[in-house]
Amino acid sequence: MFPRPIQTLSPTAQWAYKIALPVMLILWLLPLIGVAMTSVRPSSDLAAGNYFGWPSALAFDNYITVFKNTALDKYLLNSFKVTIPTVIGAVGLSCLTGFALAVYKFKANLLLFFMFVAGNFVPFQILMVPVRDLTVHLGLYNTISGLALFHIAFQTGFCTLFMRNFIKALPFDLIEVARVEGVSEWQIFRHVVMPLMRPAIAALSVLIFTFIWNDYFWAMVLTTGADTQPITAGLNSLNGQWIAAWHLVSAGSILAALPPVIMFFAMQRHFIAGLTLGAVK
Amino acid sequence: MTLSPNSITAPRKRRSRQALAPWLFLAPGLAMFLVYVIVPVFQSMWVSFFDWDGLSPKTWVGIANYIELIDDEAFYTSLKNNVIWLALYMLAVPAGLMIALFLNQTVRGIRIYKSLFFFPFVISQVVVGLIFSWFYAPDFGLLYKLIEWLTGSQVAILADEHLVTYGIIAAGLWPQIAYCMILYLTGLNAVAPDQIEAARLDGAKGWKMLWYVVLPQLRPATFIALVVTVIGALRSFDLVSIMTSGGPYGSSRVLSYYMYEQALSEYGYRMGYGAAIAVVLFAIMMIFISGFIWKMWRDEQGAR
């Protein structure tokens, strides 16, 4: 193990490490802690210049105010409406494409695979004008489905990369045996491979959920207004309205951050497996 | 992985079905990806030769948009900022490694520490941007107060033309370091313990051990960390938009933001000019993408 396990060092070093851990963590999360504290600070504290001291009272009504006076609830709902179909769509499509690229040998195979990989890396801006134009022509501009459709298509690139590598690492004999038995290709996919893909599906689902929930650029390009915009774009416009009302900005930010954070803690192992692309074992 | 001899001796029907099957599986995903990702890349290149407001008919202007770029001060500012982003973002890789080494112990509660260190990556860049705006805010921002207390000078980072880009990059590094950290933590798990022990018996320790024994084993992690960091640096848009909207006086613009501003801002929709900026950004990105693809391609060949 590297570095040397702390247990093999002197008791002083062990104590120092135990103290250093929380200190480093607090420093690392300092901006976040500050915002979390601001979000429960009564506005009177801010007016009195009490920015960093202990809040004079815990003002959870900041959160209630945010919900009452703004369209935050709408924005949050829109985020779910965009994110959940995207997760289902992109993961579903990539089960199929990943299976095709991992199991069959045909000429265009690697070319198509690298097309998915490369497309996944392009800067969004090179897609912006045509995608916006296409969405307008489909009559889907400023709709949740328009935004979700683009996300599904784009995320299929990353998901295909992930699924293909995952299926490629499965024992191929299983498929061979099924073929000899005369099982159809679709049945092989459905009953032989799919059951083994559960961990990959879980990993991709949490990851795509986070990516899409946190998307800001496409929300700005394809939607306008509280009826369709997700929370990221919503926070941007609320930030414009709440100039210097930092207790409200903070409460809004915390609410926007919550769903992916809960997702992460609930499915941590899958999340990390997804992030490392399965390449670092 | 090859098809077994069985598939060769199998009836012809079976073989033709196996030739058709991949295309049926690919069809829906491939179609969506082509329509929304691959074709638009070429459409953007095409649009960059036009003058177009997005509504009225396009007017062919040849390379006029690109010629205009050459004399565009704002374009150079954005390009310069992109280079700064790219260079400083690279710090995320060693910084992530350092934190990973710090956390790679087995003491009580270490798993919770690891997840909490990873935290900044999970929250959206919009929230990160707001958090750091608050952190830097004049008069009551935590960092502002800290600097005032330490040096006595008052520095409003996001309002200072010369500091603003660095301030935004620092905000971007926060989640990026967390990402690199998690890549290295996973990588460190897979480092072969016997090699470390053997090197230790040979008297290797500290930096030497890290450089000659550990880092070579962490190469897959380093590769992915570099890929995601380069992409992250060139994709920077959210933070600039949230924290400064490119200001003050356009000094914190990057290409991705400048493109958006030109194509969709209140100053009028200049889709053609925006597309030309996007093509330049794409060209820069392509240098890196082809490098990654080339490496992956080589690995694929090796795996056969």
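Thresholds, definitions, all that
Residues numbered from 1 in each chain as written. Chains lettered and ligands numbered in written order. Predicted model: local features only at pLDDT ≥ 70, side-chain atom pairs only at ≥ 80, totals over all residues. Heavy atoms only, no water. Helix = DSSP H or I, 4+ residues; strand = E, 2+ residues; numbered from the N terminus. Rg over C-alpha atoms; globule rule 2.2 N^0.38 Å. Buried < 20%, exposed > 50% of the residue type's maximum accessible area, 1.4 Å probe, protein only. Domains from an automatic or database assignment. Contact = heavy atoms within 4.5 Å. Buried area = accessible area lost by both parts, 1.4 Å probe. Salt bridge = Lys/Arg side-chain N within 4 Å of Asp/Glu carboxyl O. Polar contact = N/O pair within 3.5 Å; in protein donor to acceptor, adjacent residues only side chain to side chain. Nonpolar A, V, L, I, M, F, W, Y, C, P; charged D, E, K, R; others polar. Phe/Tyr/Trp six-rings, centres within 6.5 Å; stacked < 30°, edge-to-face > 60°. Lys NZ or Arg CZ within 6 Å of the ring centre and 35° of its normal.

Draft legend 1. Examining the overall build of chain B more closely. Counting its regular elements, chain B contains 15 helices and two strands. The globule rule puts the C-alpha radius of gyration for 304 residues at 19 Å, and the 25 Å found for chain B is more than 25% above it. With the C-alpha coordinates of chain B rotated into their principal frame, the extents come out at 70 × 60 × 30 Å. Going through the 304 residues of chain B one by one, you find that 54% of them count as buried.

Draft legend 2. Broad picture of the domain arrangement of chain B. Residues and elements named next belong to chain B. Each assigned domain of chain B is listed here: domain 1 (6-47) and domain 2 (71-303). Summarising the inter-unit geometry, the C-alpha centres of domain 1 and domain 2 are found 35 Å apart. At the interface, four residues of domain 1 touch five residues of domain 2. Summed over both partners, the interface of domain 1 with domain 2 comes to about 330 Å²; 86% of that surface belongs to carbon and sulfur atoms. Three residues stand out in domain 1 for area buried against domain 2, namely Ser44, Met45 and Val47, and they jointly supply 83% of the buried area on that side. Taken together, domain 1 and domain 2 are joined by zero salt bridges. Joining domain 1 to domain 2, the criterion identifies zero residue pairs in polar contact (both at pLDDT 80 or more). Grouping the constituent residues of the side of domain 1 that touches domain 2 by class yields three nonpolar, one polar and no charged.

Draft legend 3. The interface of chain A and chain B, seen in detail. With 107 residues of chain A at the contact, the number on the chain B side is 110 residues. Carbon and sulfur atoms supply 77% of the area that chain A and chain B bury against each other, a total of about 10300 Å² over both sides. It is A:Met1, A:Phe2 and A:Trp28 in chain A that bury the most area against chain B; as a group they hold 9% of the surface buried on that side. Linking chain A with chain B are one salt bridge.

Draft legend 4. Highlighting the packing of aromatic side chains. A complete count under the given rule lists 50 aromatic pairs over all chains for this structure. Their ring planes at 55 degrees and their centres at 5.3 Å tell us that A:Phe113 and A:Phe114 sit as a pair that is tilted. The two residues A:Phe113 and A:Phe114 agree in class, both being buried. An aromatic cluster of three or more residues is present, and its members are A:Phe124, A:Phe150, A:Phe154, A:Tyr216, A:Phe217, A:Trp218, B:Tyr36, B:Phe237, B:Tyr257 and B:Tyr260. The aromatic ring of A:Trp15 is capped on one face by A:Lys18, whose charged end is 6.0 Å from the ring centroid. The ring of A:Phe113 has A:Arg164 lying over it, and the distance from NZ or CZ to the ring centre is 4.0 Å.

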